[in-house]
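Architecture and fold: a report
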Amino acid sequence: MGAGCGQRDNGLNDAQMTAELLGWYDRHARTMPWRTGPAEKAAGVRPDPYRVWLSEVMLQQTTVAAVRRYHERFTALWPTVADLAAAEDADVMAEWAGLGYYARARNLLKCARAVVADHGGVFPDTHAGLIALPGIGPYTAAAIAAIAFDRPETVVDGNVERVMSRLFDIETPLPAAKPELTALAARLTPEARPGDHAQAVMDLGATICTPKSPACGICPLREPCLARQNGTQAQRPVKTPKKPRPHRRGYAYVGRRTDGAWLMETRPESGMLGGMLGFPGSDWSETPDPAAPAPAEWRIAGEATHGFTHFTLTLTVLTARLGPVNPERGHFVAAEAFSPGALPALMRKVHDVASAQPEIERATAAE
DNA sequence: AAGACGTGGAA
DNA sequence: TTTCCAAGTCT
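So, here is what we can say about the structure in this document. (Residues numbered from 1 in each chain as written. Chains lettered and ligands numbered in written order. Predicted model: local features only at pLDDT ≥ 70, side-chain atom pairs only at ≥ 80, totals over all residues. Heavy atoms only, no water.)

**Quick notes on the overall build of chain A**
Our working definition: Helix numbering and strand numbering both begin at the N terminus, where a helix is a DSSP run of H or I of at least 4 residues and a strand a DSSP run of E of at least 2. Burial status follows relative accessibility: with a 1.4 Å probe on protein chains alone, a residue under 20% of its type maximum counts as buried, one over 50% as exposed, and anything between as partly exposed. The contact criterion used throughout is that any non-hydrogen atoms of two residues lie within 4.5 Å. The Shrake-Rupley method, run with a 1.4 Å probe sphere, supplies the accessible areas, and residue values consider only the shown protein chains as cover. His is not counted, nor are the chain ends, whereas Lys and Arg count as positive and Asp and Glu as negative. Think of each charge as sitting on NZ of Lys, CZ of Arg, CG of Asp or CD of Glu.
What chain A contains, in helices and strands, is 15 helices and six strands. Taken over 367 residues, chain A has a buried fraction of 49%. A fraction of 69% describes how many contacts in chain A between residues 6 or more apart in sequence connect residues 24 or more apart. For chain A, the exposed surface amounts to about 17,400 Å²; the carbon and sulfur share of it is 53%. Charge centroids of chain A, computed over 39 positive and 40 negative side chains, lie 5 Å from each other.

Put into C-alpha cells, the structure is as follows:
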C-alpha cells in the first residue's frame, strides 16, 4: 500500500479508485447543455465558465431534469454574462419562475453585474475569487474552478457526501460528518482532470450510488466500497432526523379590473418568494390577517395548498371584479402582459383556483 | 449555528 | 398518499 492510504484501507489505493472513476466517466458521462461534446473535449476545449456557473447555481438543491430547460432558455436569451448583467430584473425573475429558491435568481443578477463591473466581464479563475461573488459558496466556487478552469479543487456536494460515506462506510451522521467526508473526497481528488473527476463522482451519485436502492452491481467502485462489503449501503449516509414541518394558513386575493387587468404584487426582496410576482394577500401564520388589498365584494373561490421546505401552506383564495379603485397594496398588470408562467408555483395554484370563477374567467374571455 | 429558503419527481 | 429529497447559500 502506498503512503496515500489512510487508516481506512479498503483494498485499493486512492489513485486506483480515481482511475476507475475517470474510466467509468469516460464511458458513461451524461450529456448536458453546459458540458462540452466529445469532439471539443478531445480537442482540449474547456467549457464556457458562464455556462458552468449558470448550471451550478441552477443545480443547487435542484434536479438535472428540472434545470436542463431553464439553462437552455437562459443561455438563448442571454448568451453571455454581459447580456445577463444588462437584463431587467423582472425579466430574469420571470424566467426563473418555477425553479424555486428565488434568492438564487436575485444573486445570479448581482453576480453577473459584479463580474461585469469588477472583473471586466470575465469570471475569476480561482476559488478565492469565485467565492467572493454573490450566490457562490464553497461548493459552487470549487465546482467552477475545477470544471471550467481545471483547478484541483475538492468539490463536495450531496452526491460526494453520499459516495464517500458509503465508500468508507462512515457512521457519523450528517451534517457533523461533513469535514470527515470532505477530507476523504480531497484524498481522491487528482491533479489531472479534477473537473472530470468532480463530475464523475457527482454523476455516480446521481445515477448509481443513489440515495435509495443504489445499483451496487454495476458500480465501478463496488470492489473497494466498504459499505457494500459490510452490507450497510442502504444506511449510508446517516442523517440526523429532521423536525416535522408546521402548517400555516393565509389569504390570497385575485382581483381583475373590467379591462381585464390583474391586481398583482411584487413581493419584498427578503422572505418567501422574494422578488417574485404574486397575488396580494395576508401573512402566512396560524392566525393570518384577512385584510383585503382593495375594497370589493370578495368571495371565496376555494383553497390552494402548497408544500414548502419548512412548512405547508393552505391559502384561501378570494376573487372579485374590481371597479376603478386605487388598491392599498399591489399594482395592476395589463391582461396582455400577464402570464401565469412568470409566477412561482404557489401563485400558479392560486391562479388556477381563481380561474374557475366567473368574474375572473369572464374577464379572460372578454380579452 | 441552526433555520430560512421552492419545487416536482420518485418510491 | 405521504415522505423524501436534488450539483447549497445566506444570515
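**Structural notes on the protein's contact with DNA strand B**
Cut-off, in case you're wondering: Residues are counted as near a molecule or strand when any one of their heavy atoms sits within 4 Å of it. Polar contacts, as used here, are pairs of N or O atoms within 3.5 Å; protein pairs need one atom able to donate a hydrogen and one able to accept it. Residues neighboring in sequence count only if both atoms are side-chain atoms.
Taken together, 19 residues form the shell around DNA strand B, and within it Y102, K243, L273, T309 and A345 come nearest. By atom count, sugar and phosphate contribute 65% of the portion of DNA strand B lying within 4 Å of the protein. One nitrogen or oxygen atom from the main chain of L273 is found 2.6 Å from a phosphate oxygen belonging to DNA strand B. T309 is positioned such that a nitrogen or oxygen atom in its side chain is 2.3 Å from a base nitrogen of DNA strand B.

**A few points about the side chain of T140**
Of note, T140 is situated in helix α9 (residues 138-149). Look at T140 and you get buried, because its relative accessible area is 3%. A distance of 3.0 Å separates a polar atom in the side chain of T140 from a polar atom in the side chain of Q60. Discounting chain neighbours no more than four positions away, the residues touching T140 are E56 and Q60.

**A few points about the environment of P179**
Structurally, P179 is set in helix α11 (residues 178-188). Judged by its relative accessible area of 57%, P179 is exposed. Sequence separation between P179 and E161 is 18 residues, and the spatial gap between their C-alpha atoms is 9.9 Å.

**A short note on the packing of helix α3 (residues 49-58) against α9**
Heads up, the rule is: Axes here mean lines fitted to C-alpha atoms, for a helix over just the part in contact, with angles spanning 0 to 180 degrees between N-to-C directions. By definition, any crossing whose near helix is turned counterclockwise from its far helix by less than a right angle is left-handed, and any crossing with a clockwise turn is right-handed. Each residue gets one of three labels, nonpolar for Ala, Val, Leu, Ile, Met, Phe, Trp, Tyr, Cys and Pro, charged for Asp, Glu, Lys and Arg, and polar for the others, Gly among them.
Put simply, α3 and α9 touch, their axes get as near as 10 Å, and they point 145° apart. For α3 against α9, the interelement crossing comes out right-handed. When α3 is examined against α9, the residues P49, V52, W53 and E56 are found in contact with a partner set consisting of Y139, T140, A143, I144, I147, A148 and F149. Here the contact of α3 with α9 is composed, by residue class, of nine nonpolar, one polar and one charged.

**Focus: the pattern of salt bridges**
Note the threshold: Basic side-chain nitrogens of Lys or Arg form a salt bridge, by our definition, when they fall within 4 Å of a carboxyl oxygen of Asp or Glu.
With the rule as written, the count across this model stands at 17 salt bridges. One salt bridge connects R35 with D203, and the closest N-O pair in it is separated by 2.9 Å. Of the two residues, R35 sits in the loop between α1 (14-28) and α2 (38-42) while D203 sits in helix α12 (residues 194-207), which places them 168 residues apart along the sequence. For the salt bridge of E269 with R106, the shortest nitrogen-to-oxygen distance reads 3.7 Å. Of the two residues, E269 is situated in the loop between β2 (262-266) and β3 (277-278) and R106 in helix α7 (residues 103-119); the sequence distance between them amounts to 163 residues. On the basis of relative accessible area, R106 is assigned to the buried category, the value being 17%. Connected through shared salt-bridge partners, D26, K41, R193 and D196 make up one network.

**Considerations on the packing of α9 against α12**
The geometry of a pair of packed helices is captured by two quantities: the angle between their axes and the separation between those axes. Condition: Throughout this description, any angle smaller than 35 degrees is read as roughly parallel, any larger than 145 degrees as roughly antiparallel, any in the 65 to 115 degree range as roughly perpendicular, and the remainder as oblique.
Contact geometry of α9 with α12 gives a least axis separation of 7 Å together with a crossing angle of 125°. On the basis of their axis angle, the class for α9 and α12 is oblique. The residues of α12 that touch α9, namely those facing Y139, A146 and I147, are P194, G195, Q199 and M202. Looking at the contact of α9 with α12 residue by residue, the class counts come to five nonpolar, two polar and no charged.

**Considerations on the protein's contact with DNA strand C**
In the vicinity of DNA strand C lie 24 residues, with G135, T140, D157, N159 and P211 positioned nearest. When atoms of DNA strand C within 4 Å of the protein are sorted by moiety, sugar and phosphate together comprise 65%. D157 is positioned such that a nitrogen or oxygen atom in its side chain is 2.3 Å from a sugar or linking oxygen of DNA strand C. G158 is positioned with one of its backbone polar atoms (N or O) 3.2 Å from a phosphate oxygen of DNA strand C. Only α9 and α10 (158-167) provide two or more residues apiece to the surface near DNA strand C. The class makeup of the residues in the surface near DNA strand C is nine nonpolar, nine polar and six charged.

The analysis is restricted to geometry; functional conclusions fall outside its scope.
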